[in-house]
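Summary of structural features
Chain by chain, the residues:
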Amino acid sequence: MESPRKIVEMTTNPTKNNPKTIERARLVTAAEGYDIGARFPGVYTSAEGSWMRDVEGKQVLDVTAASGSLLLGNRHPKVAAAVAECATECGATFASTLTPKRIELAERLCDRYPAGEKAVFFRTGSCATTAAIRLARAYTGRDLILTSGYHGWHDWQLSYLTMGFDAATRTVNFGYNEMALARLLEQYGKDIAGVIVTPEPAWLDVAYFKRLSNLCAKHDVVFILDEVITGARWGSHGLNGTGGVPADIITLSKGLSNGYAIAPVLGRKELIDCYDKACLAGTYTREVTTMAAALAVLDVLEDGSVHSHCEKMGQMLQDGMRDLFRTLEIPAYITGPPMMFDAVLESEKLSWDIYEASFDYGAYFEDSGTHMVTAAFGEEEVAHALSALAHGAKRIVKEQPEIAPGGELSEERRRQFAIDAFCGRMQDTGFVLETLNGIIEAIDKRDQSLGQPDFAPACT
């Protein structure tokens, strides 16, 4: 891979450019919002480490870790070799669901995470979280699911930004509010199959999740930690292991196989043994190449050096961004663990404008504000990210004189960010109390004939 210092010397390919290639995509595959409007303009042909190369030959530093899916960086030699060897020597997918690689991976994950007594596998985080609530419903025979946070794109997950009750999917979003959760468990505990939450380490600490776990245990309700992102980034063993938060089920995915598609569900034996009853199946859940990738990643993580390095690089980036915004007098709140921290500015528009301008200088930041490094980050990558951000932010300050210089970001803006980003309504406000009363009324009026489904035999 070329040194990042050579980025300024890149040449363009006269036969291809990003705008024309994006237009091709718009005609046949791209969604206007998700693929185009929500992304900085580029079509990428390759990546190595944390650097991406687009169709014009330009290199851009990825400060999102491919939305968290990369832990070691693209084309890590040990992972690439494991996948290539598996594909050429073993194959990709078999008729049988059981393979030595699946068994070994399940054993190692159960050793790694305290919640794990048995493990089953899916390909995406959305499928893993959906499987987790199916297991909880099959095990308990109850119908209601209480939820907070983003869990994917399936029907029951779509209302993650709205505190309330969805009668169609029998899910209640309690907005991370402890008082609301306690009241709902007290009133409907015998109807609640499970509580599933996505950790937000920049906003909620270990003690908070331990309290949630204890509340669920008190009411004999299945507690599910959606560690699709945090499982490899909240320390080396996630909130369940590093944080010591008890859970009945955890879901994992991003970083575990360094970009390959795998999403394990781990949990208590009696819960995972409801796999058949919950009618969980899937042809590609048995793919062995992605399991080979995950086993290789676990080998690389064994001595702890990857997380030590990532935390060091993440802390350098976090501190550098905080100092930069302070120097430019741009109010900012930067918080969270080094491997996945949030940067909150005065508005979503300002965040987008600054990160879009930074992209022009060769760094792809997450516009929503959560930044993640990989093990491929070194001091040069951190320096490049900060340089691109400095150039971009200075340009926006110059172009937008209406930006008012200031010091600390207001508490009101911090709270609004949490609400907008993950429906984090932790304060017992009048809105929360009124909404909770409406939720209780809606649950009382729900059509209970739409409760626990009759599970059909699993597909074979």
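The structure contained in this document is the topic of the report that follows. Everything numeric in this text was worked out from a predicted model, so none of it was measured.

Moving on to the pattern of salt bridges. The full count for this structure, using the stated rule, is 26 salt bridges. The salt bridge involving Arg 26 is made with Glu 32; its shortest N-O contact spans 2.6 Å. With relative accessibility at 46%, the residue Glu 32 sits in the partly exposed group. The partner of Asp 191 in a salt bridge is Arg 446, with the nearest N and O atoms 3.6 Å apart. One end of the pair, Asp 191, is in the loop between helix H6 (178-188) and strand S8 (192-197); the other, Arg 446, is in the segment after helix H15 (430-444), and 255 residues separate them in sequence. Taking the relative accessible area as the measure of exposure, Arg 446 reaches 12% and is therefore buried. Here the salt bridges share partners, and the residues they tie into one network are Glu 104, Arg 108, Asp 299 and Glu 302.

We now examine empty space enclosed by the protein. Inspection of the entire model under this criterion finds 3 cavities of 30 Å³ or more. Space inside the largest cavity adds up to approximately 60 Å³. Taken together, Thr 147, Ser 148, Gly 149, His 151, Trp 156, Gln 157, Ser 159, Tyr 160, Thr 171 and Asn 173 form the lining of the largest cavity. Where the lining of the largest cavity is concerned, the elements lending two or more residues are strand S5 (144-148) and strand S7 (171-173). Quantified by volume, the second largest cavity comes out at close to 40 Å³. Lining the second largest cavity are Tyr 113, Glu 227, Val 228, Ile 229, Gly 231, Ala 232, Leu 252, Ser 253, Lys 254 and Leu 256.

Because side chains alternate across strand S13 (residues 341-344), one face comprises the buried residues Phe 341 and Ala 343, and the other comprises Asp 342 and Val 344, equally buried. In the sheet, strand S12 (residues 333-335) pairs with S13 via 3 bridges, with the strands oriented antiparallel. In the strand pairing of S13, Thr 335 is matched with Asp 342. Between S12 and S13, which pair antiparallel in sequence order, lie 5 residues; one of them, Gly 336, sits at a positive phi of approximately 120°. Note that S13 and strand S15 (residues 370-371) share 2 bridges and pair antiparallel. Bridged to Asp 342 within S15 is Thr 370.

Reading guide: rules and limits
Residues numbered from 1 in each chain as written. Predicted model: local features only at pLDDT ≥ 70, side-chain atom pairs only at ≥ 80, totals over all residues. Heavy atoms only, no water. Salt bridge = Lys/Arg side-chain N within 4 Å of Asp/Glu carboxyl O. Buried < 20%, exposed > 50% of the residue type's maximum accessible area, 1.4 Å probe, protein only. Helix = DSSP H or I, 4+ residues; strand = E, 2+ residues; numbered from the N terminus. 1 Å grid on protein atoms, 1.4 Å probe; cavity = no way out; pocket = protein on both sides within 12 Å on 5 of 7 lines; lining within 4 Å. Points joined across faces, edges and corners; volume = space filled by probe spheres on them. Pairing = 2+ DSSP bridges.

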